[in-house]
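# What the coordinates show
As a plain string of letters, each chain reads:
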Amino acid sequence: MLEVRQLTKLYNGVPAVDRVSFSIKPGEILGYLGPNGAGKSTTVKMLIGLLEPTSGHIEFHGQEIRRDLKAYQRRIGYVPEEPHLYPHLSGREYLQLVGRLRGIERCTLEPKMDELLRLIGLWEDRHSPLAGYSKGMRQKVLLMASLLHDPELLILDEPFSGLDVNASMILRGLLDSLAARGKMVLYSSHVLEVVEKVCNTVLILRKGHVVAHDSVAHLRELMEKTSLEGVFAQLTQPEDTNAVARRILDVVSA
Amino acid sequence: MTAGFRQWREDTHGTAGELVRHFLARFFDNEMIAIPGEWQKVAVSLFAAIVSVAITAALVYRDRYLALHDTPSGTVSQFQQAVRHDLLSFIVLAMAVTALLTTLQWQSLFPSLRDCFALAALPVSPREIFAAKFGAVMLIFSAFVVTLTGMPAILFAWIVSWYAPGNSSVFLYLAANFAALAGGCIFVFFALVAIQGILLTLLKPHTFARTSTVVQAVLFTAVVGTLPLMGSQPKTTFWWPPVWFEHLWEAIVNGSPALARNAMLSMTIPAAIFAGAYLLSYHRYQKMLLEAQPGRAPTRSSGLGAKLLERWMADPREQGAFAFIWKTLFRSRSHREAGLVVKIG
């Protein structure tokens, strides 16, 4: 189980994430939502060990992750929001690098990698440099890289970004199957339609604070809304969106 | 055997080995020196250029030492004096080339933000990333030193031992030449990276990037500025670093270890400072990369610039193109460095 308690990150004294707490149990998919700048990516960076929290605790199976960060990182998979890849590497070379750094033996890694490349439709482009890949193709490579070592916890930051309809359907099915196998998934996004279909529970963040943390159905019921979008809008957007849209039109036509 | 080596190369060799291999391959992938992914061509061209220059120089020096050898009034001390002067020129040249390349590659000596993000969530610690980058830099530097100094050391040893009066071992000259030339390169390299290490340790994270670029430009300009003075460098002055390595050469050839003291100290002290600074600062450096402050809002002077631009160019399309080019030149690191060099020059 992943347990986050009172997690806080300050940048120059300003809180980007403020006393956030949640947990993910095996087989659970947690939707981590919030508008731009709410602190989602900062939380994710702390969860993967890239950023050090200012205060608070992240425990994986009861063990503080910072005590043995490498052991924890061996058990997680991560898909970043921005594909920071080495443009001169090919898709296959990138998977090879990730697999090797995860300590997977060549005899296991090579066939696994090739099979995954075939399954996600990148076989023809496997030797092309990543610089020439479309956003969706890069996203597919990152997804496969995050799954190579069969992780226990999968941390996904906007994983559907750039994916075509087919690939999105495959990913949705994959997430369901991973949860059915007892894997934990943290799914950070602001695409609410997908979150609503995929996640068991959601956590909504606003300006670094948790404003809601419950199951989708319970939140809808509680807020008397028919969709997650309505719940989200009520919790995170105090301003009148229609008024803003009208003002934009005024500026454009001026 | 080739198949066996290929299989060994393809195998997984632990985190450190894989990271060093990765950084080694990435080192030459720089749009300034090569088409991405084609570093082998750059390395081969560089090697060929050095070999060609060394062979041409060897022919010239062979004639010079043949003339000295055949001069009836020539003494042993005159011959040795000529060898020392030529060696000093080689040392200065090797040090200048090392300084130029090190300052040009200044920003590639530490892991980049891309490295931090691309290797995020993998079971690799910042210490391992830094150590691997350092290992790759050291391997590249060793290969560079051998390539730059190996051929001149061999050819010069062969020529000098051939024409030197009395019995002279070619291997002794070879060892002395190589030690003096490589020592000069090692001193320059570690002295420059030690400066970067000290800046990294002492400066606040947000001032490091700016100061580092300025220091890089100052060093580059200083090296380029001293190149025309190469023929008139001091030949015996104790504070002139190439003289320390010329003394190292003498210490090996004449068997007098006391002469090697300055050279040995100049190689070990900067290396120790660099290693210390690296160990102290790697964690801080990664934090600096990841938690960099957001860009500042434009100042009042940029508004003035816009007004001047409006007066100068009426067409908004021309204004747009000019502003785009100006901002690209101003904000890209390589252009900023070039601009700084021009300003300092």
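Let me begin by describing the structure that accompanies this report. Here the structure is a predicted model, which is why all the values come from computation and not from measurement.

## Description of the interface of chain B and chain A
- At the junction of the two partners, chain B supplies 32 residues and chain A supplies 29 residues.
- At the junction of chain B and chain A, the tally comes to 2 salt bridges.
- The partner of A:Lys70 in a salt bridge is B:Glu128, with the nearest N and O atoms 2.8 Å apart.
- Counting every contact that joins chain B to chain A gives 5 residue pairs in polar contact (both at pLDDT 80 or more).
- Among the secondary structure elements, those contributing two or more residues to the side of chain B that touches chain A are helix H1 (2-10), helix H2 (14-27), helix H5 (113-118) and helix H10 (261-290) of chain B.
- Considering each element in turn, the side of chain B that touches chain A owes the most residues, 7 residues, to H2(B).
- A class-by-class count of the residues in the side of chain B that touches chain A yields 13 nonpolar, 8 polar and 11 charged.

## A short note on the sheet that holds strand E1 (residues 2-11) of chain A
Residues and elements named next belong to chain A.
- Taking strand neighbours across the sheet as the criterion, the 4 strands line up as E2-E1-E4-E5 in an open arrangement whose pairing is antiparallel. Each end of this open sheet is capped by a strand with a single partner; those strands are strand E2 (14-24) and strand E5 (63-64).
- Note that strand E4 (residues 55-60) and E5 share 2 bridges and pair antiparallel. By the bridge assignment for E5, Phe-60 is matched with Gln-63.
- Along the sheet face, helix H1 (residues 40-47) touches E1, E2 and E4 and points at about 120° away from the line of E1.

## A word on the packing of aromatic side chains
Residues and elements named next belong to chain B.
- As enumerated under the stated definition, the model contains 19 aromatic pairs over all chains in all.
- Residues Phe-141 and Phe-144 carry aromatic rings whose centres are separated by 6.3 Å and whose planes lie at 35° to one another, so their mutual orientation is tilted. Residue Phe-141 and its partner Phe-144 are located together in helix H6 (residues 126-163), separated by 3 residues, close to a single helical turn.
- With centroids separated by 5.7 Å and ring planes inclined at 70°, the aromatic side chains of Phe-187 and Trp-244 adopt a geometry described as edge-to-face. Taken together, the positions of Phe-187 in helix H7 (residues 170-202) and Trp-244 in helix H9 (residues 241-254) put the pair 57 residues apart, joining distant regions of the chain. Across the pair, Trp-244 and Phe-187 agree in class, each one buried.
- Put simply, the rings of Phe-134, Phe-141, Phe-144, Phe-189, Phe-190 and Phe-274 touch in pairs and so form one group of aromatic residues.
- The residue whose ring lies beneath Arg-64 is Tyr-65, and the NZ or CZ to ring-centre distance is 5.6 Å.

Rules and cut-offs
- Residues numbered from 1 in each chain as written.
- Chains lettered and ligands numbered in written order.
- Predicted model: local features only at pLDDT ≥ 70, side-chain atom pairs only at ≥ 80, totals over all residues.
- Heavy atoms only, no water.
- Contact = heavy atoms within 4.5 Å.
- Salt bridge = Lys/Arg side-chain N within 4 Å of Asp/Glu carboxyl O.
- Polar contact = N/O pair within 3.5 Å; in protein donor to acceptor, adjacent residues only side chain to side chain.
- Helix = DSSP H or I, 4+ residues; strand = E, 2+ residues; numbered from the N terminus.
- Nonpolar A, V, L, I, M, F, W, Y, C, P; charged D, E, K, R; others polar.
- Pairing = 2+ DSSP bridges.
- Axes fitted to C-alpha atoms, helices over the stretch in contact; angles between N-to-C directions.
- Phe/Tyr/Trp six-rings, centres within 6.5 Å; stacked < 30°, edge-to-face > 60°.
- Buried < 20%, exposed > 50% of the residue type's maximum accessible area, 1.4 Å probe, protein only.
- Lys NZ or Arg CZ within 6 Å of the ring centre and 35° of its normal.

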